[in-house]
Amino acid sequence: MRPILHHYPNSPFAEKIRTLLGFKKLDWTSVLIPSIMPKPDVVALTGGYRKTPILQLGADIYCDTALIAKVIEDLAPSPTVFPTEQGPLASILAQWADSTLFWTAIPYTMQPSGFAHAMSGQPAEVQQAFAADRAKFRGTMPRLRIPEATHALKVYLDQFEALHADGRTWLLGESPSIADFSVYHSIWFVARGGPPAAILEGYERVGAWRSRMQAIGHGNSERLDSAEAVALAARSTHAKPEPGEFIETHGLAFGSPVTIAAIDYGCDPVAGELVISRPDEIGLLRTDPRAGTVVVHFPRIGFEIRKAEPA
Ligand SMILES: N[C@@H](CCC(=O)N[C@@H](CS)C(=O)NCC(=O)O)C(=O)O
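Since we're looking at a predicted model, the values are computed, not measured.

Conventions used here
Residues numbered from 1 in each chain as written. Predicted model: local features only at pLDDT ≥ 70, side-chain atom pairs only at ≥ 80, totals over all residues. Heavy atoms only, no water. Helix = DSSP H or I, 4+ residues; strand = E, 2+ residues; numbered from the N terminus. Rg over C-alpha atoms; globule rule 2.2 N^0.38 Å. Contact = heavy atoms within 4.5 Å. Areas by Shrake-Rupley, 256 points an atom, 1.4 Å probe, with all protein chains shown as cover. Domains from an automatic or database assignment. Buried area = accessible area lost by both parts, 1.4 Å probe. Salt bridge = Lys/Arg side-chain N within 4 Å of Asp/Glu carboxyl O. Polar contact = N/O pair within 3.5 Å; in protein donor to acceptor, adjacent residues only side chain to side chain. Nonpolar A, V, L, I, M, F, W, Y, C, P; charged D, E, K, R; others polar. Near = heavy atom within 4 Å. 1 Å grid on protein atoms, 1.4 Å probe; cavity = no way out; pocket = protein on both sides within 12 Å on 5 of 7 lines; lining within 4 Å. Points joined across faces, edges and corners; volume = space filled by probe spheres on them. Pairing = 2+ DSSP bridges. Axes fitted to C-alpha atoms, helices over the stretch in contact; angles between N-to-C directions. Buried < 20%, exposed > 50% of the residue type's maximum accessible area, 1.4 Å probe, protein only.

Quick notes on the overall build of the protein chain
Each helix and strand in the protein chain was counted, giving ten helices and ten strands. Computed over its C-alpha atoms, the radius of gyration of the protein chain comes to 20 Å, within 12% of the 19 Å expected for a compact globule of 311 residues. Each principal axis of the C-alpha distribution contributes one length, and for the protein chain these read about 55 × 50 × 40 Å. Within the protein chain, contacts between residues at least 6 apart in sequence are counted, and of these 70% link residues at least 24 apart. A total accessible area of about 14,300 Å² is found for the protein chain, and carbon and sulfur atoms account for 57% of it.

Structural data, given as structure tokens:
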């Protein structure tokens, strides 16, 4: 089935998945979504989750790029981005990059000169709306100040430069892995960030690796309108969750009413019946007036399940 990516051009996590789709040579459908709330078509599909990107396969909606990467690996197993000779290291490095490195690159790049570059040409109301949206999105999550973010980013770049001193092609050796895609999207964001991009100067080996990543491209995609994608979900049948595969945790049986929410930021809860509980994935079934009955999937790590309170 042709995967549908809901994304917008300037999103680093979307760039991770666009590059992965390019690497896997998968034809995909591109749905452009707003970068700030409201996102009525996204929320019709997810039930409340608002982060970017999401991946849609018919009436199955996949949230968070840790899970989306695994879904893409299943759709196109070869060449793998989870090479066995690297064991679990690739996933561990990817998780560090998707959290610590990302939350260093963002406050560093969005310092006033980078924010002005990102917003150039936008009216003051749009800039204010973006800043207010992101303040609400981050919630109470601690945020590095610019001097600490700058220093940390230099330390990380020094470490990546040192890693490449042995002439390796990819971060963990001779095969690209999910770690390359996760580290790449934050460096990509810094590189297109205007004046703050100067921090990358002098990192020759990191620059050469970045060019190799960029050369992968985004593969072939066709555009679809987001309302069409919602209608497509309503016409599709979701994959059948298997009660036999369900691991009981939290004392919750298959089909229990729950909410699932991210635990770091963008913690909007999604309500439905818990129908997937695997070691690395959880998911719920919900019915939406526009999208019909859909299964919304999340990675287990980074999300919490709560028993739904009776109305
Ligand atoms: N853990 C999430 C993080 C996604 C994320 O933080 N995405 C940013 C854009 S790169 C976002 O959602 N920004 C707010 C928005 O797009 O509404 C993932 O791996 O997908």
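Topic: the domain arrangement of the protein chain
Each domain of the protein chain was delimited in the assignment, giving domain 1 (4–78 + 221–307) and domain 2 (84–216). Placing a centre on the C-alpha atoms of domain 1 and another on those of domain 2 gives a separation of 24 Å. The interface is formed by 24 residues belonging to domain 1 together with 23 residues belonging to domain 2. When domain 1 packs against domain 2, the two sides together hide about 2,000 Å² of surface, and 69% of this comes from carbon and sulfur. Of all residues in domain 1, Pro12, Lys16 and Tyr265 bury the most surface against domain 2, accounting for 29% of the area lost on that side. Linking domain 1 to domain 2 there are two salt bridges. Salt-bridge contacts for aspartate 133 lead to arginine 50; the nearest nitrogen and oxygen are separated by 2.8 Å. There are nine residue pairs in polar contact (both at pLDDT 80 or more) connecting domain 1 and domain 2. Among the secondary structure elements, those contributing two or more residues to the side of domain 1 that touches domain 2 are α1 (12–23) and α3 (65–75). Sorting elements by how many residues they give to the side of domain 1 that touches domain 2 places α1 first, with nine residues. Within the side of domain 1 that touches domain 2, the residues separate by chemical class into eleven nonpolar, seven polar and six charged.

Let's talk about the site of the ligand
Not every one of the 14 residues close to the ligand is listed here, only the nearest: Lys39, Arg50, Thr52, Thr65 and Tyr265. At 2.6 Å from an oxygen atom of the ligand is found a side-chain nitrogen or oxygen belonging to threonine 52. In the complex, the protein chains occlude 95% of the 500 Å² of accessible area that the ligand would expose alone. In the shell around the ligand, the residues fall into five nonpolar, four polar and five charged.

A look at empty space enclosed by the protein
Enumeration according to the criterion identifies one cavity of 30 Å³ or more in this entry. In this structure, the largest cavity spans a volume of roughly 40 Å³. Every residue lining the largest cavity is listed: Pro241, Glu242, Glu245, Phe246, Val275, Ile276, Ser277 and Arg278. Here the lining of the largest cavity is composed, by residue class, of four nonpolar, one polar and three charged.

Points about the sheet that holds strand β1 (residues 4–7)
The sheet built from ten strands is open, its strands ordered β5-β2-β1-β3-β4-β9-β8-β7-β6-β10 with mixed pairing. What marks the edges here is a single partner per strand, and that holds for β5 (221–223) and β10 (303–307). Here the strands of the sheet are splayed against their neighbours by 35° on average, with no regard to which way each runs. Bridge count between strand β6 (residues 257–262) and strand β7 (residues 270–277): four bridges; the pairing is antiparallel.

Concerning the pairing of strand β3 (residues 54–57)
Taking every second residue as pointing to the same face, both faces of β3 are buried, with Ile54 and Gln56 on one and Leu55 and Leu57 on the other. With three bridges joining them, β1 and β3 adopt antiparallel strand pairing. Bridge assignment links isoleucine 4 to a residue of β3, and that residue is glutamine 56. As paired strands, β3 and strand β4 (residues 60–63) are joined by four bridges and run antiparallel to one another. From the neighbouring strand, glutamine 56 faces β4, where its bridge partner is isoleucine 61. Hairpin connection between β3 and β4: a loop of two residues separates the two successive antiparallel strands, and glycine 58 in this loop has a positive phi of roughly 65°.

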